[in-house]
Amino acid sequence: MGLLPRVTESEDVVDDDVITPYNFSVVETGIYRCGFPPGFPEPRYFAFIKTLNLRSIVCFCLEPYPEETVKFLQAHNIKLFQFGIQGGTVDPLAPPEDAIAKSIRKRRKKDMITEGLQVLFDERNHPILIHCRHGNHRTGIVVGCYRKLKQNWCLPCVLEEYERLSGETARQSDMKFIENYEAHDTLDASG
């Protein structure tokens, strides 16, 4: 496949045509992660996406891809799996959620993570790119669960990677989610 453009923590022009997305890194051979602003991948990222020879993209954003991007994916036979999980933190000015609404939102997030992991576990979908808006939280949860379940990483190492890639925005709730997520959560949903 050749060498990948260098990895950075911000958008970086590698050459005149290839822009590396924010928070890009290699999870393992054939599995990549990054962050993209709404509307990814914009045409400025197309050259980079081509270097990965992707079969699939797993997106954990609610926003639909722009038509131009959908056409790019179709032209390059890249399958899009989109699992819309609300990003960001709770608006402090919003009325407090009742217990039922909070439970539904938590259960939906777990279902979306489980479906995303099932796509990730299926090697027929590789090479694959996982992303959310910033590549920190939703993507961090999925990669953390993958490392814990599929790669048998110890929990402290999984959480250290999550914290390192999330920086100052690391969330205790995300780390607790990774800690509590079990293999049977993924397996139960598939059969």
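Shown above is the structure to which this text applies.
Residues numbered from 1 in each chain as written. Predicted model: local features only at pLDDT ≥ 70, side-chain atom pairs only at ≥ 80, totals over all residues. Heavy atoms only, no water.

Draft legend 1. Just the environment of Phe-72, in detail. Looking at the secondary structure, you find Phe-72 in helix α2 (residues 67-75). Look at Phe-72 and you get buried, because its relative accessible area is 7%. The spacing of Phe-72 and Glu-42 is 30 residues in sequence and 9.7 Å in space, taken between C-alpha atoms. With residues near it in sequence (within four places) discarded, Phe-72 still touches Phe-46, Ile-49, Lys-50 and Ile-78. (Helix = DSSP H or I, 4+ residues; strand = E, 2+ residues; numbered from the N terminus. Buried < 20%, exposed > 50% of the residue type's maximum accessible area, 1.4 Å probe, protein only. Contact = heavy atoms within 4.5 Å.)

Draft legend 2. Expanded view of α2. Taken residue by residue, α2 has Thr-69, Phe-72 and Leu-73 as its buried positions. One face of α2 carries all of its buried residues, which in axial projection span an arc of 95°. Counted as exposed and oriented over 90 degrees from the buried face of α2: Glu-67, Gln-74 and Ala-75. Structurally, α2 contributes buried residues whose contacts are with α1 (46-52), β5 (56-59) and β6 (79-82). (Arc of directions from axis to C-beta.)

Draft legend 3. Here's a closer look at unusual backbone geometry. Residue Pro-127 follows His-126 across a cis peptide bond; omega there is -5°. With respect to the helices and strands, Pro-127 occurs in the loop between α3 (99-121) and β7 (128-132). One non-glycine residue, Asn-53, adopts positive backbone phi at about 50°. Position of Asn-53 relative to the elements: it lies in the loop between α1 and β5. What makes Asn-53 partly exposed here is its relative accessible area of 47%.

Draft legend 4. View of the sheet that holds β6. The mixed open sheet is built from 5 strands, whose spatial order is β3-β4-β7-β5-β6. One side of each edge strand has no neighbouring strand; the edge strands of this open sheet are β3 (25-28) and β6. Between one strand and the next, the sheet's axes are offset by a mean angle of 25°, whatever the strand orientation. Pairing of β5 with β7, which is carried by 4 bridges, proceeds in the parallel orientation. In the sheet register, Ser-56 faces β7, and the bridge partner there is Ile-128. Set on the sheet, helix α4 (residues 137-149) makes contact with β3, β4 (31-35) and β7; between it and β7 the angle comes to about 135°. (Pairing = 2+ DSSP bridges. Axes fitted to C-alpha atoms, helices over the stretch in contact; angles between N-to-C directions.)

Draft legend 5. Geometry of the pairing of β7. Of all 5 residues that make up β7, 5 are buried, and the element is covered over most of its length. Neither face of β7 is open: one carries Ile-128, Ile-130 and Cys-132, the other Leu-129 and His-131, and all of them are buried. Relative to β7, β4 is paired through 5 bridges, and the arrangement is parallel. For Arg-33, the partnering residue across the bridge sits in β7 and is Ile-130.

Draft legend 6. Quick look at the packing of aromatic side chains. Enumeration over the complete set of coordinates arrives at 6 aromatic pairs. Considering the side-chain rings of Phe-24 and Tyr-32, the 5.8 Å spacing of their centres and the 20° angle between planes classify their relative orientation as stacked. Classification of Tyr-32 by relative accessible area gives buried; the value is 3%. Taking 5.8 Å as the distance between ring centres and 25° as the angle between the ring planes, the aromatic pair formed by Phe-177 and Tyr-181 counts as stacked. Put simply, the rings of Phe-24, Tyr-32 and Phe-48 pair up and form one aromatic cluster. If you follow Lys-150 out to its NZ or CZ, it ends over the ring of Phe-121, 5.4 Å from the centre. (Phe/Tyr/Trp six-rings, centres within 6.5 Å; stacked < 30°, edge-to-face > 60°. Lys NZ or Arg CZ within 6 Å of the ring centre and 35° of its normal.)

These results come straight from atomic positions and should not be treated as a statement about function.
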